[in-house]
Amino acid sequence: MGILNFFRKSEQPHRRQPRLATRTYRAPQDKTVAGGWLPSSAYERAPSALSAIRGRARDLAHNNPHASRAVSVLTSHTVGSGIRFSMRGDEEYERAFRAWASSTACDYEGRLNFYGQQSVMARTMYEAGDAFAVIRQEREKGDDGVGRIVPKIQLVDPDQLDEGASPRSIGNKVLSGVEVNPRGQIVGYHMKVDLDGQRSEFFAADAVIHLFEQLYPGQVRGIPRGAQALVRANTIDSFMSAALAKARVEACLAAFVTGPSLDDSTGIIGESDDVSEFVIPERLEPGTIVPLPDGHDLKVVVPSSSGGMREYIEVSLMSCAMAYGVTYAQLSGDVSKANYSSEKASRLEFYRGVDTVRSHFVMPALARVEMAFREAFVASEGREVDVTVSMTAPGRESIEPSKDALADMTALAAGGKSFGQYCAERGLDREEQLRELKEERRMIADAGVELQFGTFILALAAAAAAEDARAISTDSESG
């Protein structure tokens, strides 16, 4: 047998093959790097695990307090009360657009104004990766009975995209509900917009606003914020639930009565000549005194506590904060270890990230809404509109207003900042600000008072009187 065994092929021990990561993004998982971690540079326009990532990210955003807080912070700092439009060159068109944007006439469902829709789209983008809006041009009759074309914006949930739809043209592909032609251009979207979600409808790309944070070339679907820390955020929930259960046990107080074993001669505990009747209490109330029979003792069991919970939660929340792109204080609400310098440094980095998303992705998407309204206005009024459009984001609250005000005054005096830049930083429209200042000067001048702001004395009465004198002189010369 030994000779035969020599000629037999020896069995090699089973060797696990290296795990190849062929996707840019994968479903959240927590595995040890066993057998090697060899990621490849596979290219995906829409990650294959996107559905699982989006589902878990939205579940956390709805049920996890830290994830919900991160999404709310990102939304409030990106759009806040709404990104406002300023038009110069056509006052009638500007009034029409602002009236449309401030009313619910812009909403297909008639619930939100344009600024409320901005908030919903930004929140959906952060929690689900995508936000979709269909622009529908509808004809409505005004108060004068004239039918006008008015754009209606219908918000569509990202889960309403039909990922199993068939392409409308030969050679096209449908990637997670987005139809792409052979040249890589997006031609439209397949959406289930009916009430039961069974019928899929195709919308051309020029009728759909697709808001998402593009991270790599050719990307057609967005990745939810915090995708890198979904497992960790969910683990924090599980850990805190387990810690709470453990804390309940640690708070419990157990007592055991020890003494001679019972037999038939003695009967139950407490049946003796000294204590005629003894009942072991089921609970120990504060101030309770329990008499024990002779030969019995009471032993109290106090569960031991363990530390390290706070440190683990802090480190985990720091990792989640980095994944979501917010500060630790914003995510956790814990400012016990923050000071002015550290908080300001972290806020500056956070502001840069928010400004990047707003400038590169949010504002271009909102500009398409203004273009759709302009097309409808031109078609209804029968004339061209020549305006210069700008957008102003909401201003940020100052951490130390006195220091920031002094820095602004220095920059304005030195020419390092224009008045328009100053207004934009505070979410103010320059034209509106100048009009309000002019109106206030007239009102103060008419009241015959003089106001002093810091080191500046406003000679309001003299300025207003000089302006009125020039106006009277111009009218008399023309007459």
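Quantities reported herein were computed from a predicted structural model and do not represent experimental measurements.

About the cut-offs
- Residues numbered from 1 in each chain as written.
- Predicted model: local features only at pLDDT ≥ 70, side-chain atom pairs only at ≥ 80, totals over all residues.
- Heavy atoms only, no water.
- Axes fitted to C-alpha atoms, helices over the stretch in contact; angles between N-to-C directions.
- Helix = DSSP H or I, 4+ residues; strand = E, 2+ residues; numbered from the N terminus.
- Parallel < 35°, antiparallel > 145°, perpendicular 65-115°, else oblique.
- Left-handed = near helix turned anticlockwise from the far one by under 90°.
- Contact = heavy atoms within 4.5 Å.
- Pairing = 2+ DSSP bridges.
- pLDDT = per-residue confidence, 0-100.
- Patch = residues over 30% accessible without salt bridge, like charges linked within 9 Å, V, L, I, M, F, W, Y side chains within 5 Å.
- Areas by Shrake-Rupley, 256 points an atom, 1.4 Å probe, with all protein chains shown as cover.
- Salt bridge = Lys/Arg side-chain N within 4 Å of Asp/Glu carboxyl O.
- Lys, Arg positive; Asp, Glu negative; His and termini not counted.
- Charge placed at Lys NZ, Arg CZ, Asp CG, Glu CD.
- Buried < 20%, exposed > 50% of the residue type's maximum accessible area, 1.4 Å probe, protein only.
- Expected span 1.5 Å × (residues − 1).
- Arc of directions from axis to C-beta.

Asker: Describe in detail the packing of helix H4 (residues 91–102) against helix H9 (residues 340–381), supporting the description with residues and values.
Answerer: Each pair of packed helices gets described by two things: the angle between the helix axes and the distance between those axes. Two elements in contact, H4 and H9, have axes whose closest approach is 11 Å; the angle formed by their N-to-C orientations is 120 degrees. By the angle between their directions, the pair H4 and H9 is classed as oblique. For the pair H4 and H9, the sense of crossing is right-handed. Across from Glu 92, Tyr 93, Ala 96, Phe 97 and Trp 100 in H4, the residues of H9 making contact are Val 369, Glu 370, Phe 373, Arg 374, Phe 377 and Glu 381.

Asker: Which residues make up the pairing of strand E8 (residues 186–191), and what are the values?
Answerer: Note: strand E7 (residues 178–180) against E8, 3 bridges, orientation antiparallel. Bridging across to E8, Glu 179 finds its partner in Gly 188. Here E7 hands over to E8 after 5 residues, with Gly 184 in that stretch at a positive phi of 90 degrees. The pairing of E8 with strand E9 (residues 201–204) spans 4 bridges and is classified as antiparallel. Its bridge partner being in E9, Tyr 189 is matched across the sheet by Phe 203.

Asker: How would you summarise the confidence of the model for the chain if you had to cite specific residues and measurements?
Answerer: Overall, the predicted model of the chain reaches an average pLDDT of 80, with 73% of residues at or above 70. A low-confidence stretch, residues 12–23 (pLDDT under 50), is modelled with 18 contacts involving residues beyond four sequence positions or located in other chains. Residue range residues 262–273 is modelled with pLDDT below 50. Its contacts to residues more than four positions away, or to other chains, number 14 contacts.

Asker: Break down the sheet that holds E7 for me, with residues and values.
Answerer: Within the open sheet, the 4 strands sit side by side as E6-E7-E8-E9. Their pairing is antiparallel. Edge positions in the sheet fall to strand E6 (173–175) and E9, since each of these pairs with one other strand and no more. Taken over all neighbouring pairs, the strand axes of this sheet differ in orientation by 30 degrees on average, direction set aside.

Asker: Please set out a negative patch on the surface residue by residue, giving values where relevant.
Answerer: Together, Glu 436, Glu 439, Glu 440 and Asp 446 make up a negatively charged patch on the protein surface. Its place among the elements puts Glu 436 in helix H12 (residues 430–447). Overall, Glu 436 belongs to the partly exposed group, its relative accessible area being 47%.

Asker: Residue-level account of helix H2 (residues 50–63), with values.
Answerer: Taking 1.5 Å per residue, 14 residues should reach 20 Å; H2 reaches 20 Å between its end C-alpha atoms and fits that length. Those residues of H2 that sit buried are Leu 50, Ile 53, Arg 54, Ala 57, Arg 58, Leu 60 and Ala 61. The buried side chains of H2 occupy one side of the element, clustering within an arc of 160 degrees when seen end-on. Opposite the buried face of H2, at more than 90 degrees from it, the exposed residues are His 62 and Asn 63.

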